[in-house]
Each structure stands twice: as C-alpha cells, then as structure tokens.
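Single-letter residue listing:
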Amino acid sequence: MSGVSAGRGKTQTTKDSASVFLPTGLKVYTALVTLLLGILLFCPLQEIYTEKVNLTMANKAERERTFIMVKPDGVQRGLLGEIVKRFEKKGFKLVAMKFMWADETLLQKHYGDLSSKPFFNGLVKYMRSGPVCPMVWEGLNVVKTGRQMLGETDPANSLPGTIRGDYCIEIGRNICHGSDAVDSAKKEIDLWFTGDELVQWKANEEPWLYE
Ligand code: IDP
Ligand code: MG
C-alpha cells in the first residue's frame, strides 16, 4: 500500500515540475513545432529513399539494349509472334519494332564484317528474300541473355529450349538475329532505327522484375 502511494507521489511531483517550467500554451507550441520538424525532415528523407530505389531499379532496367531481328524464314514460317513472346515473357522491354523489306545496301552494312566470307552473297540474298522484323529490346544483360535465348549460330549446335534449337535446322536458315556485344548492338540499333523510333516508356512490371 505504502509503495503505491510513494509511486503516485513521485508521478505527481514530476508532473508538477513540468507544469511549473512549461506553461500549457508553450507545451502545445513545442509539440506542434516538434511535429512539424518531424514531418519536414521525414518527407524529404522518404522522397530521397524512394527516388534512390526507383533510380536503382531504372538503372538496372535501362542498362542495356540489344538488336533482335526475325529473319525472312522466321516471318514466313509464322514464328514472329513466338520470338517476340519469348523476349516479352522473359521480362525484357520492347523499345522499337518495325516490319520491312530490307534493301541490299542496308544488309551489306549490317553484315559488313562478314563480307569476306564465302557465304556472304548468299546471306544477303536470303535476308532480301522476304520481309524482316527488326526490334530493340531493353533490360539487364539483355545482349548476353538475348544470345543465349537465340542459341548457337548453327541450329545443329543449339540446345533445345533455345529459339534456334527449337525452330530451325540449318545455319543458313536460322530464323533470328541477335547482337553479339553491347557495342555492336549500339551500331546495329543506329543502323536500323532513327532516334525517334526508339520509344521511351516505363513498364509497370519493373518493380516485379528488378529488386
Ligand atoms: P550470328 O548470327 O549467330 O551472330 P554470325 O557468325 O554473325 O552468326 O553470322 C551471321 C549469319 O550468317 C548467321 O546467323 C547465318 O545466318 C549466316 N551464316 C553464318 N555462317 C554461315 C555458314 O557457314 N553458311 C551459311 N550461312 C552462314
Ligand atoms: Mg553475328
């Protein structure tokens, strides 16, 4: 009983001294200022944090672009949708796409580094034999992953599960092109697309793809 009374007494004393030093008006004022300072400090911090998280995610998502093109045999064999679907389902973002009949000059430039190869003329002829679908895809490590998704140049060496491993047989009819390095991807994108054909947009699924 006596302990309780002593406790009560102590509380009362503390309360009393607070009341003595801070009049009620001042206490309300102090509380409001503290609250305001808290809000002012918390909001920018939260904004900086959110921005940082978004930036990190955007940096990852927009780090790399690759040039993918469905070749005439891919188009003729009705595989355009399947190839687009694989990149889309993987989580990469489509930045540009067109459907066109490529001319000889463009194809000779595109395959310029193979001009000394015995199959070069045949390759250009094959690529001119029908419409193609050039595309730009974006995402983390999209160049390397894109090549893995395509498989080896020769479908005979491509694993099942890859595009070339699943859908074609011969090296000269391997249905799809993919850039082999970040630098060549940049060159190929510039060769096939103008700057305003590259579409800027934010994919809603990004927070579910990148941590
Ligand atoms: P890649 O397409 O896997 O990058 P590259 O060596 O750059 O392979 O060759 C470009 C394209 O040239 C190939 O995709 C294929 O269509 C064609 N090609 C490559 N080697 C041969 C060949 O030995 N015979 C016929 N066509 C070839
Ligand atoms: Mg190549």
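Owing to the predicted nature of the structure, the values given are computational and were not obtained by experimental measurement. (Residues numbered from 1 in each chain as written. Chains lettered and ligands numbered in written order. Predicted model: local features only at pLDDT ≥ 70, side-chain atom pairs only at ≥ 80, totals over all residues. Heavy atoms only, no water.)

A. Highlighting the confidence of the model for the protein. On average, residues of the protein score 86 in pLDDT, and 78% of them reach the 70 mark or higher. Across the protein, the secondary-structure element scoring lowest on mean pLDDT is helix H1 (residues 2-21), at 45, and the one scoring highest is strand E1 (residues 65-70), at 99. Across residues 1-15, where pLDDT falls below 50, the model places zero contacts with residues more than four positions away in sequence or in other chains. (pLDDT = per-residue confidence, 0-100. Helix = DSSP H or I, 4+ residues; strand = E, 2+ residues; numbered from the N terminus. Contact = heavy atoms within 4.5 Å.)

B. View of the packing of helix H4 (residues 80-90) against helix H7 (residues 142-150). Their axes nearest at 12 Å, the elements H4 and H7 cross at an angle of 135 degrees. By the angle between their directions, the pair H4 and H7 is classed as oblique. The chirality of how H4 crosses H7 is right-handed. On H7, the residues that touch Arg 86, Phe 87 and Lys 90 of H4 are Thr 145, Gly 146, Met 149 and Leu 150. For the contact of H4 with H7, the residue count by class is three nonpolar, two polar and two charged. (Axes fitted to C-alpha atoms, helices over the stretch in contact; angles between N-to-C directions. Parallel < 35°, antiparallel > 145°, perpendicular 65-115°, else oblique. Left-handed = near helix turned anticlockwise from the far one by under 90°. Nonpolar A, V, L, I, M, F, W, Y, C, P; charged D, E, K, R; others polar.)

C. Molecular detail of the pattern of salt bridges. Under the defined criterion, the tally for this structure stands at eight salt bridges. Ionic pairing is found between Glu 82 and Lys 85, a salt bridge with its closest N-O pair at 3.5 Å. Of this pair, Glu 82 and Lys 85 both sit in helix H4, three residues apart, roughly one helical turn. Of the residues examined, Lys 85 reaches a relative accessible area of 37% and is grouped as partly exposed. Across the salt bridge formed by Lys 93 and Glu 138, the nearest N and O atoms sit 3.3 Å from each other. Here Glu 138 lies in strand E3 (residues 133-138) and Lys 93 lies in strand E2 (residues 93-97), a separation of 45 residues in the sequence. (Salt bridge = Lys/Arg side-chain N within 4 Å of Asp/Glu carboxyl O. Buried < 20%, exposed > 50% of the residue type's maximum accessible area, 1.4 Å probe, protein only.)

D. Examining the packing of aromatic side chains more closely. The full count for this structure, using the stated rule, is four aromatic pairs. Ring geometry for Phe 67 versus Phe 193: centroids 6.4 Å apart, planes at 70 degrees, classification edge-to-face. Here Phe 193 lies in the loop between helix H9 (182-192) and helix H10 (206-209) and Phe 67 lies in strand E1, a separation of 126 residues in the sequence. Side by side, Phe 67 and Phe 193 carry an identical accessibility label, which is buried. Ring centres of Phe 87 and Phe 92 lie 6.5 Å apart, and the angle between their planes is 40 degrees; on these two criteria the pair is classed as tilted. Take Phe 92: its relative accessible area is 7%, and that puts it in the buried class. Here a set of aromatic residues connected by ring pairs shows up, and it is made of Phe 67, Trp 192 and Phe 193. (Phe/Tyr/Trp six-rings, centres within 6.5 Å; stacked < 30°, edge-to-face > 60°.)

E. Representation of the site of ligand 1 within the structure. If you check the shell around ligand 1, you find Lys 71, Tyr 111, Leu 114, Phe 119, Leu 123, Arg 147, Thr 153, Arg 164, Ile 171, Gly 172 and Asn 174 and nothing else. At a separation of 2.9 Å, an oxygen atom of ligand 1 approaches a polar side-chain atom of Lys 71. A distance of 3.2 Å is found between an oxygen atom of ligand 1 and a side-chain nitrogen or oxygen belonging to Arg 164. Protein contact buries 76% of the 520 Å² of open area that ligand 1 shows by itself. (Near = heavy atom within 4 Å. Polar contact = N/O pair within 3.5 Å; in protein donor to acceptor, adjacent residues only side chain to side chain. Areas by Shrake-Rupley, 256 points an atom, 1.4 Å probe, with all protein chains shown as cover.)

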